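The chain contents come next:
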Amino acid sequence: MLTDALRFLINVAFGLFVYTALLRFIMQWMRAPFRNPVGQAVTALTDWAVKPMRKILPGFGGYDWASLVVAWLLQVVWLAALAWLSAPASALLTGTTAGLIAGIAIVELIKAALWIVIVAVFVQALLSWVAPDGPLAGVLNALTFPLLAPVRRLVPPIGGALDLSPLIVIVLAQLILMLPVAWLEQSVAGLLR
């Protein structure tokens, strides 16, 4: 029971910081505004790690590489902590295990990015019905418009009002999680074993 409780606490703590660091990278990549509750929370939760990392790894080409590296490093520590709960410490000190954790961390970040897309599209679709001009509209539109616009060109709203593009993007993201990302995860695990 204690191991399960520790695993739960590790998942909650690291999940919060990994997802917010990754969201910070995505928001800056998509030029989403940070002057809203989500942007301020993301900044507050990640400044402690991103600002020092920017001294080592400044932004380049319009990307905030420090945020992405912080997300990856936190994901590596997260996976290592979970592995430590499951295996003896001596088994974790091998190069193969370290390589496996580093590789799986990349796959986990891809999965996290897809889940961020799914949640952002879902929340944006929901809020478009009840609060289309609310405080989160700017950030959600910036995160979802590049994904929804191509789908809307292919599948225009039915009857002028029923927009199926959020549903299509969510289904596509789920399929990407099920097929290529699952294959990539198995390939990384197979290469490093």
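These numbers come from a predicted model, not from an experiment.

What follows is about the overall build of the protein chain. Counting its regular elements, the protein chain contains seven helices and zero strands. Each helix and strand of the protein chain, ordered N terminal to C terminal, gives the series α-α-α-α-α-α-α. In terms of overall dimensions, the protein chain has a C-alpha envelope of 60 × 40 × 35 Å along the principal axes. Looking at the protein chain alone, contacts between residues at least 24 apart form 68% of all its contacts between residues at least 6 apart. Total accessible area on the protein chain stands at roughly 11200 Å², and carbon and sulfur atoms take up 75% of it.

If you look at the biggest cluster of nonpolar residues, it comprises 30 residues, and the most contacted ones within it are I10, L22, M27, V70 and L143. Residue assignment for this core shows that the elements contributing at least two residues are α1 (2–29), α2 (37–56), α3 (65–86), α5 (95–130) and α6 (137–154). Residues contacting L143, with those up to four places away along its chain left out, are L23, I26, M27, M30, A32 and A120.

This brings us to α6. Here α6 is 18 residues long and its end C-alpha atoms lie 24 Å apart, about the 26 Å a rise of 1.5 Å per residue gives. Of all the bends found along α6, the most pronounced is centred on F145 and spans about 50 degrees, while P146, a proline, follows it within four residues. Of the residues making up α6, those classed as buried are A137, V139, L140, A142, L143, T144, L148, A149 and V151.

Here we take up the pattern of salt bridges. Scanning the model with the defined rule gives seven salt bridges in all. Close ionic contact of K111 with E108 constitutes a salt bridge, the shortest N to O distance being 3.3 Å. Of this pair, K111 and E108 both sit in helix α5, separated by three residues, roughly a single helical turn. For E185, the salt bridge goes to K111, with nearest N and O atoms at 3.4 Å.

Packing of α2 against α3 brings their axes to within 9 Å, and their N-to-C directions diverge by 120 degrees. Our classification of the angle between α2 and α3 gives oblique. Between α2 and α3 the crossing geometry is right-handed. Listed contacts from α3 to W48, A49, V50, M53 and R54 of α2 are A66, S67, V69, V70, L73 and L74. The residue makeup of the contact of α2 with α3, split by class, is nine nonpolar, one polar and one charged.

The spacing of E108 and R35 is 73 residues in sequence and 28 Å in space, taken between C-alpha atoms. Residues within four places of E108 in sequence aside, it is in contact with Q75, L79 and E185.

By the definition in use, this model includes six aromatic pairs. Ring geometry for F25 against Y63: centres 6.3 Å apart, planes inclined by 25 degrees, an arrangement best described as stacked. Placement of F25 in helix α1 and of Y63 in the loop between α2 and α3 is noted, with a sequence separation of 38 residues between them. Measuring from centroid to centroid gives 6.1 Å for F25 and W65, while their planes differ by 40 degrees, and the two rings are tilted. Within this pair, whereas F25 is found in helix α1, its partner W65 is found in helix α3, the two being separated by 40 residues in sequence. Since its relative accessible area comes to 9%, F25 is described here as buried. With relative accessibility at 31%, the residue W65 sits in the partly exposed group.

What counts as what
- Residues numbered from 1 in each chain as written.
- Predicted model: local features only at pLDDT ≥ 70, side-chain atom pairs only at ≥ 80, totals over all residues.
- Heavy atoms only, no water.
- Helix = DSSP H or I, 4+ residues; strand = E, 2+ residues; numbered from the N terminus.
- Contact = heavy atoms within 4.5 Å.
- Areas by Shrake-Rupley, 256 points an atom, 1.4 Å probe, with all protein chains shown as cover.
- Core = buried A, V, L, I, M, F, W, Y, C linked by side-chain atoms within 4.5 Å.
- Buried < 20%, exposed > 50% of the residue type's maximum accessible area, 1.4 Å probe, protein only.
- Expected span 1.5 Å × (residues − 1).
- Bend = angle between axes of the 7 residues up to and from the residue.
- Salt bridge = Lys/Arg side-chain N within 4 Å of Asp/Glu carboxyl O.
- Axes fitted to C-alpha atoms, helices over the stretch in contact; angles between N-to-C directions.
- Parallel < 35°, antiparallel > 145°, perpendicular 65-115°, else oblique.
- Left-handed = near helix turned anticlockwise from the far one by under 90°.
- Nonpolar A, V, L, I, M, F, W, Y, C, P; charged D, E, K, R; others polar.
- Phe/Tyr/Trp six-rings, centres within 6.5 Å; stacked < 30°, edge-to-face > 60°.

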